[in-house]
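A look at the structure
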Amino acid sequence: MATILGVGSSPSLSLKRDMREDVIRIGVIGYGYWGPNVVRNFHGQARSHVVAVCDKDPKSLGRVRQSYPDIFVTSDCNDLLTATDIDAVAVVTPVWTHYELAKAALENGKHVFVEKPFTCSTAQAEELIELAERKNLKIMVDHTFLFTGAVNRIRKLIDEGTLGDLYYYDSTRVNLGLFQHDVNVIWDLAPHDLSIMDYLIQEKPEAVVATGERHLNGVADVAFVTLYYPNNIIGHINVNWLSPVKVRTTLIGGEKKMLVWNDLEPDEKIKVYDKGVQMSNGDGRYQLLVSYRSGDMWAPRVEQVEALKAEAAYFADCILNNKKPFNDGAAGLHVVRMLEAADKSLQQKGKIIQL
Ligand SMILES: NC(=O)c1ccc[n+]([C@@H]2O[C@H](COP(=O)([O-])OP(=O)(O)OC[C@H]3O[C@@H](n4cnc5c(N)ncnc54)[C@H](O)[C@@H]3O)[C@@H](O)[C@H]2O)c1
């Protein structure tokens, strides 16, 4: 059974367990900033265990050993990719490495959990989707926010018709850093909103406009992305690594109600306002009557769940029960398509790009 012998600590410790058919054995590649969250959440599940972690950086491996003495560690990803006793690989490395690592995992018969954004290009994403289909393997893209209580509550408010027809989605996602070296601020922060918009708005965007500027390391660190949807729905995302304060606030406006989602609020993350505007023609041809409605505000209960924990359980469920994840390769590809279009627009100082 054990094939990841000879590297790191003794593999027998990690591989003695998890032989049950209803437990997915996971190898995680990348234990930098986000990797520890992925390991903690996959390891603590009834139906998944992390059996091995790979990172090029010995300091990262030291941190794994300290927290999880039972997990096998290695600096060579081939140990994980070729291990016959690993069912799925989580790719938690910088964006430019996703395609190669995910491809190698699929080629070796492993299901793949891959960080956002899925890949650096639509061509790469399409190739991985085709490979996974051919090999009958799952791809899940970590669009973490889709598993939060807040996003699920907003989706419910939209589905129930509480907000009415949507007018706009306007998000501010800014903070100081963390500067990425391989992608600009749009590829780093906007995938969250793009995946949320795909989940909340029934329509697909038709065009993208992006403007932004670089100040420090050659990639845009401040950017504004606008998405045009059918039925006059408009989306706007403000992303910034040079903000003195952290803001995670989204306004969603509908014909019947409007809401504010402040993700930094510990309680009452969502506030729904019974506010709106109605216009009608008065007696005279040019007389426009505008009436403003200003009713109650209420804060719906939002389930407090660790999103990644719910997502990890869903990943195991999809594999064990052969279900298609809703945050699959196709969902990841659509986000990458919007990012690519945003880059094209950014390079042409805000030229409108049709999708
Ligand atoms: N879902 C989320 O909310 C969320 C949050 C943060 C980051 N991310 C994503 O997670 C990924 C990693 O981001 P991060 O901030 O943790 O980056 P990071 O630079 O902090 O960590 C990446 C780690 O991967 C290791 N690594 C790189 N290439 C490797 C290879 N070929 N083999 C083995 N190890 C390798 C590095 O040594 C490093 O420890 C990115 O795709 C990022 O977009 C997602």
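Remember, predicted model here, so these are calculated numbers, not experimental data.

**Concerning the packing of helix α7 (residues 149–159) against helix α8 (residues 185–200)**
The geometry of α7 relative to α8 is characterised by a closest axis approach of 10 Å and an angle of 30 degrees between their N-to-C directions. The pairing of α7 with α8 is recorded here as roughly parallel in orientation. The handedness of the crossing between α7 and α8 comes out as right-handed. Counted together, V151, N152, I154, R155 and I158 of α7 and I196, Y199 and L200 of α8 form the full contact between these two elements. Partitioned by chemical class, the residues of the contact of α7 with α8 number six nonpolar, one polar and one charged.

**Focus on helix α3 (residues 58–67)**
All buried positions along α3 are accounted for by S60, L61 and V64. Buried residues in α3, looked at end-on, bunch into an arc of 100 degrees, giving them a common side. Opposite its buried face, α3 presents the exposed residues P58, K59 and Q66, each directed more than 90 degrees away. Where the residues of α3 are buried, they touch β2 (48–54) and β3 (72–74). For α3, the N-terminal cap is D57; the gap from its side-chain oxygen to the backbone nitrogen of K59 is 2.9 Å.

**Quick notes on the pairing of strand β11 (residues 242–254)**
As paired strands, strand β7 (residues 166–176) and β11 are joined by nine bridges and run antiparallel to one another. Within β11, the position partnered with L166 by the bridge is G254. Linking β11 to strand β12 (residues 258–262), which pair antiparallel, is a turn of three residues.

**Brief notes about the side chain of S171**
Within the secondary structure layout, S171 lies in strand β7. A polar contact is formed between the side chain of S171 and the side chain of D193, at a distance of 2.9 Å. For S171, the contacting residues outside a window of four places in its chain are D193, H236, I237, N238, T249 and T250.

**Regarding the sheet that holds β2**
Pairing in this open sheet of six strands is parallel, and the strands run β3-β2-β1-β4-β5-β6 from one edge to the other. Two strands bound the open sheet, and with one partner strand each, they are β3 and β6 (139–142). With direction set aside, neighbouring strand axes in the sheet form an average angle of 25 degrees. Where strand β5 (residues 111–115) and β6 come together, four bridges link them in parallel fashion. Bridged to E115 within β6 is D142. Contacting β1 (24–29), β2, β4 (88–91), β5 and β6, helix α9 (residues 307–320) runs over the sheet at an angle of about 175 degrees to β6.

**Structural notes on the site of the ligand**
Taken together, 20 residues form the shell around the ligand, and within it Y33, W34, D55, K116 and T144 come nearest. Within the backbone of T93, a nitrogen or oxygen atom sits 3.2 Å from an oxygen atom of the ligand. The separation between a nitrogen atom of the ligand and a polar side-chain atom of E115 is 3.1 Å. Out of a free accessible area of 850 Å², the ligand has 83% covered by protein chains. Here the shell around the ligand is built from residues that sort into seven nonpolar, seven polar and six charged.

**Brief notes about the packing of aromatic side chains**
Enumeration according to the criterion identifies 10 aromatic pairs in this entry. Taken together, a centroid distance of 5.5 Å and an interplanar angle of 40 degrees make the contact between Y314 and F326 tilted. Separated by 12 residues along the polypeptide, Y314 in helix α9 and F326 in the loop between α9 and α10 (329–347) bring together distant segments of the chain. Look at F326 and you get partly exposed, because its relative accessible area is 36%. Three or more aromatic residues joined by ring pairs make a cluster, and in this case those are F147, Y199, Y314 and F326. Just above the ring of Y199 sits the side chain of R155; from NZ or CZ to the centre is 4.6 Å. When the ring centre of F145 is taken as origin, the NZ or CZ atom of R173, which lies over that ring, is 4.8 Å away.

**Focus: the packing of α8 against α10**
Running from N to C, α8 and α10 cross one another at 130 degrees; their axes reach a closest spacing of 9 Å. Overall, the two elements α8 and α10 adopt an arrangement that is oblique. Considering the relative orientation of α8 and α10, their crossing is right-handed. Along the contact surface, α8 presents I186, W187, A190, P191, L194, S195 and D198, while α10 presents H334, V335, V336, M338, L339, E340, A342, D343 and L346.

**A closer look at the sheet that holds strand β15 (residues 353–354)**
One open sheet holds the nine strands; their spatial order is β14-β13-β12-β11-β7-β10-β9-β8-β15, and the pairing between them is mixed. Of all strands in the sheet, those bounded by a partner on one side alone are β14 (288–298) and β15. Strand contacts of α7: β7, β11, β12, β13 (270–281) and β14, with the helix running at about 175 degrees to β12, the strand carrying the most contacts. Of the strands in this sheet, β7, β8 (207–214), β9 (220–228), β10 (234–240), β11 and β12 are in contact with α8, which crosses β10 at around 150 degrees.

About the cut-offs
- Residues numbered from 1 in each chain as written.
- Predicted model: local features only at pLDDT ≥ 70, side-chain atom pairs only at ≥ 80, totals over all residues.
- Heavy atoms only, no water.
- Axes fitted to C-alpha atoms, helices over the stretch in contact; angles between N-to-C directions.
- Helix = DSSP H or I, 4+ residues; strand = E, 2+ residues; numbered from the N terminus.
- Parallel < 35°, antiparallel > 145°, perpendicular 65-115°, else oblique.
- Left-handed = near helix turned anticlockwise from the far one by under 90°.
- Contact = heavy atoms within 4.5 Å.
- Nonpolar A, V, L, I, M, F, W, Y, C, P; charged D, E, K, R; others polar.
- Buried < 20%, exposed > 50% of the residue type's maximum accessible area, 1.4 Å probe, protein only.
- Arc of directions from axis to C-beta.
- Polar contact = N/O pair within 3.5 Å; in protein donor to acceptor, adjacent residues only side chain to side chain.
- Pairing = 2+ DSSP bridges.
- Near = heavy atom within 4 Å.
- Areas by Shrake-Rupley, 256 points an atom, 1.4 Å probe, with all protein chains shown as cover.
- Phe/Tyr/Trp six-rings, centres within 6.5 Å; stacked < 30°, edge-to-face > 60°.
- Lys NZ or Arg CZ within 6 Å of the ring centre and 35° of its normal.

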